[in-house]
Amino acid sequence: MPAKTTAQSGVDTGSTQEPLLSVKGVQKIYQVDAGEIEAVRDLTFDLRPGELACLVGPSGSGKTTLLKCIAGLMGATAGEVVLSGKPVNGPPKEMAVVFQEYGRSLFPWMSVRDNVELPLKNAKVAKAERNRLVDEALEAVGLDHVPRSYPWQLSGGMQQRVAIARAVAYQPKVLLMDEPFAAVDAQTRADLEDLIRDVWERLGITILFVTHDIDESVYLGERVIILSSSPTVIQEDIQIDLPDERDQLTTRSSARFTELRGHVYEQIQIAKHNTGASAPSNAAGGSPSTVAREEAE
Ligand code: ADP
Ligand code: MG
């Protein structure tokens, strides 16, 4: 058995909660001039309300493709995505997405405040409520001092925080993030990681965070879903049993963090050689504690 949970095998993880988001047998084949590219072969997993799951996989393993299918921005070739019991056929109101290219997702002619407020205006939220939500979100991301600035006046890390504030103010049930910190420097990245955990703890939203960074996936996630190389299947789905309170220094230097990152690293190495053409590997399966023992031996 793969470690602890696998939605793929339908094993109950101990929660009685209904899934908020279900990805069921999703396959995506791109039609290109040279023929077909099967980017995603067969992906199945559930997210429960309030989960913070990281999806990690090698470059080109179909992470963005999957996220676009989940967000209803692109149809799947086979399978379906279900949100709160309803099939996703277009961008659902209850979802927000933060992309890697934040520069292109903000409107340069609008102030920080107006950028954050825009989706709320579009959703016809009343003015007083809009103001409250925007204030709260800007405070949550530490940008309440620059509401009148324009995105181009801000650093990359601050721009990404505007994009996060906009998603958070919208109060989505599900927040999808596609390698959102790939373009910021290491220190800013660490701050933004802590910001995401803080926002997640405070607002109780469900987050699916896509990254190719193994350390980031273990540091952030309550759960890490590892993808194989393209055509993609789930390589492994593990619970991250680190304490809720995480800290860049203490958590990252803990023995358990090292064990977990070692395990994910190993799985990614297997994933790189294990395309969807063969069955997902259970090579390092077992519960995380079993894994720790296996690695210690
Ligand atoms: P990741 O986000 O994990 O790096 P992608 O989802 O971007 O992976 O890409 C997965 C595979 O699908 C890659 O082989 C990529 O070249 C291919 N692909 C992605 N988008 C398209 C597209 N619009 N048309 C054709 N092939 C695509
Ligand atoms: Mg991508």
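Fair warning: this is a prediction, and the values are worked out from it, not measured in the lab.

About the cut-offs
Going along each chain's sequence as written, the residues are numbered from 1 onward. Each chain gets a letter, beginning with A, and each ligand a number, beginning with 1, in the order they are written. Where local features are concerned, this predicted model is filtered to residues with pLDDT of at least 70; where side-chain atom pairs are given and counted, the filter is 80 or more; whole-chain, interface and lining totals use all residues. Elements are defined by DSSP. Helices are runs of H or I of four residues or more, strands are runs of E of two residues or more, and each kind is numbered from the N terminus. Comment: burial labels come from other C-beta atoms within 10 Å of the residue's own C-beta, placed from the backbone, where a count of 20 or more is buried, 12 or fewer is exposed, and between is partly exposed. By definition, residues are in contact whenever their C-beta atoms, placed on the basis of the backbone, come within 7 Å of each other. Contact assignment follows one rule, namely that a residue is near a molecule or strand if its backbone-placed C-beta atom lies within 6 Å of it. In predicted models, pLDDT denotes the confidence assigned by the predictor to each residue on a 0 to 100 scale. At least two DSSP bridges between two strands are required for those strands to pair. Axes, fitted as lines to C-alpha atoms, cover a helix only where it is in contact. Angles between the N-to-C directions of the axes lie from 0 to 180 degrees. An angle counts as roughly parallel when it lies under 35 degrees, as roughly antiparallel when it exceeds 145, as roughly perpendicular when it falls between 65 and 115, and as oblique in every other case. The handedness criterion is simple: a crossing whose near helix is rotated anticlockwise from the far helix by less than a right angle is left-handed, and one whose near helix is rotated clockwise is right-handed. Only Asp, Glu, Lys and Arg are considered charged in this grouping, and only Ala, Val, Leu, Ile, Met, Phe, Trp, Tyr, Cys and Pro are considered nonpolar; every other residue, Gly among them, is considered polar. Here, a nonpolar core means buried Ala, Val, Leu, Ile, Met, Phe, Trp, Tyr and Cys residues linked by C-beta atoms lying within 7 Å of one another.

The helix and strand inventory of the protein stands at nine helices and ten strands. Burial status across the protein gives 43% buried among its 297 residues. Put simply, of all contacts in the protein between residues at least 6 apart along the chain, 73% involve residues at least 24 apart.

On to the site of ligand 1, then. Y30, A39, K63, T64 and T65 are the nearest of the 13 residues found near ligand 1. Per-element accounting of the shell around ligand 1 gives the leading share, three residues, to helix 1 (residues 63-70).

The next thing to look at is the confidence of the model for the protein. Per-residue confidence for the protein averages 85 on the pLDDT scale, and 87% of its residues sit at or above 70. In this model, residues 276-297 is a region of pLDDT below 50 whose contacts with residues beyond four sequence positions or in other chains number 40 contacts.

It is worth spelling out the pairing of strand 4 (residues 78-83) at this point. Of the pairings in the sheet, the one linking strand 1 (residues 21-32) to strand 4 comprises five bridges and is antiparallel in character. When the bridges of strand 4 are listed, Q27 appears paired with A78. As judged from the two bridges shared by strand 4 and strand 5 (residues 86-87), these two strands associate in the antiparallel manner. Paired with V82 across the strands is P87, a residue of strand 5. Taking the residues between adjacent antiparallel strands as the criterion, strand 4 and strand 5 are bridged by two residues, where S84 takes a positive phi near 45 degrees.

A few words on the packing of helix 3 (residues 112-122) against helix 5 (residues 156-169). If you want to describe how two helices pack, look at the angle between their axes and the distance between the axes. At their nearest, the axes of helix 3 and helix 5 sit 8 Å apart, and the two run at 30 degrees to each other. Judged by the angle between their axes, helix 3 and helix 5 are roughly parallel. In the crossing of helix 3 with helix 5, the sense of the turn from one axis to the other is right-handed. Contact residues: helix 3 offers V112, N115, V116, P119 and L120, while helix 5 offers V162, A165, R166 and A169. Here the residues of the contact of helix 3 with helix 5 sort into seven nonpolar, one polar and one charged.

A165, L176, L208 and V224 are the most contacted members of the largest nonpolar core, which has 74 residues in total. For this core, the element with the highest residue contribution is helix 5, accounting for seven residues. Setting aside residues no more than four positions away along its own chain, L176 makes contact with L67, I70, A71, M95, V97 and L208.

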